[in-house]
Amino acid sequence: MARAHDAVLEFTFEGERRARTVERSVRPEVGAIAGDRTAATLDREGATVTVTVEADDLVALRAGINTWSTLVSVGERADAVACGSL
């Protein structure tokens, strides 16, 4: 069933390796984050990771966007630290 609101977040990284690492770090969260008002999907093509957040209402959409933006940011920073580029 389609939800009333959605947002597509695209994160393009400097390389496919980093995008793949970020994707793998956040993929376990798809479906694992508690909440019945939002859902998210995750895709990667090349150096771009795409998160689609769907929500029943705008408050839930904002919360979902904040959650997924933070998760991707943490994944990116962790990879940068591990690679010595931060």
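These lines cover the structure that appears in this document, whether it is placed above or below.

So, how was this worked out
- Residues numbered from 1 in each chain as written.
- Predicted model: local features only at pLDDT ≥ 70, side-chain atom pairs only at ≥ 80, totals over all residues.
- Heavy atoms only, no water.
- Pairing = 2+ DSSP bridges.
- Helix = DSSP H or I, 4+ residues; strand = E, 2+ residues; numbered from the N terminus.
- Axes fitted to C-alpha atoms, helices over the stretch in contact; angles between N-to-C directions.
- Buried < 20%, exposed > 50% of the residue type's maximum accessible area, 1.4 Å probe, protein only.
- Salt bridge = Lys/Arg side-chain N within 4 Å of Asp/Glu carboxyl O.
- Core = buried A, V, L, I, M, F, W, Y, C linked by side-chain atoms within 4.5 Å.
- Contact = heavy atoms within 4.5 Å.

## What to know about the sheet that holds strand 2 (residues 38-45)
Taken in spatial order, the 3 strands make up an open sheet running 1-3-2, and their pairing is antiparallel. In this open sheet, the two edge strands, each paired with only one partner strand, are strand 1 (5-12) and strand 2. Averaged over neighbouring strand pairs, the angle between their axes works out to 15° when direction is ignored. Bridging between strand 1 and strand 3 (residues 48-55) involves 8 bridges; their strand directions are antiparallel.

## Here we look at the pairing of strand 3
Buried residues dominate strand 3, accounting for 7 of its 8 residues. Judged from the 8 bridges that link them, strand 2 and strand 3 form a sheet pairing that is antiparallel. Pairing of alanine 39 across the sheet is with glutamate 54, part of strand 3.

## Details of the pattern of salt bridges
Taken as a whole, this structure holds 9 salt bridges when the rule is applied. Of the charged contacts in the structure, one is a salt bridge between arginine 44 and glutamate 23, with a shortest N-O distance of 2.9 Å. Residue arginine 44 is found in strand 2, and its partner glutamate 23 is found in helix 1 (residues 16-26); the two are separated by 21 residues along the sequence. By relative accessible area, which is 27% here, arginine 44 ends up partly exposed. The buried category is assigned to glutamate 23, whose relative accessible area is 12%.

## Points about the side chain of threonine 52
Mapping threonine 52 onto the fold places it in strand 3. A residue is classified by how much of its surface remains accessible, and threonine 52, at 18% relative accessible area, is buried.

## Some thoughts on the nonpolar core
Of all hydrophobic cores here, the largest spans 17 residues; its most connected members are Leu9, Phe11, Phe13, Val51, Val53, Trp68 and Val72. Mapped by element, the contributors of at least two residues to this core are strand 1, helix 1, strand 2, strand 3 and helix 2 (58-83). Setting aside chain neighbours within four positions, we find valine 53 in contact with His5, Asp6, Ala7, Leu9, Ala39, Ala40, Leu61, Gly64, Ile65 and Trp68.

Don't take any of this as a statement about function, it's just geometry.
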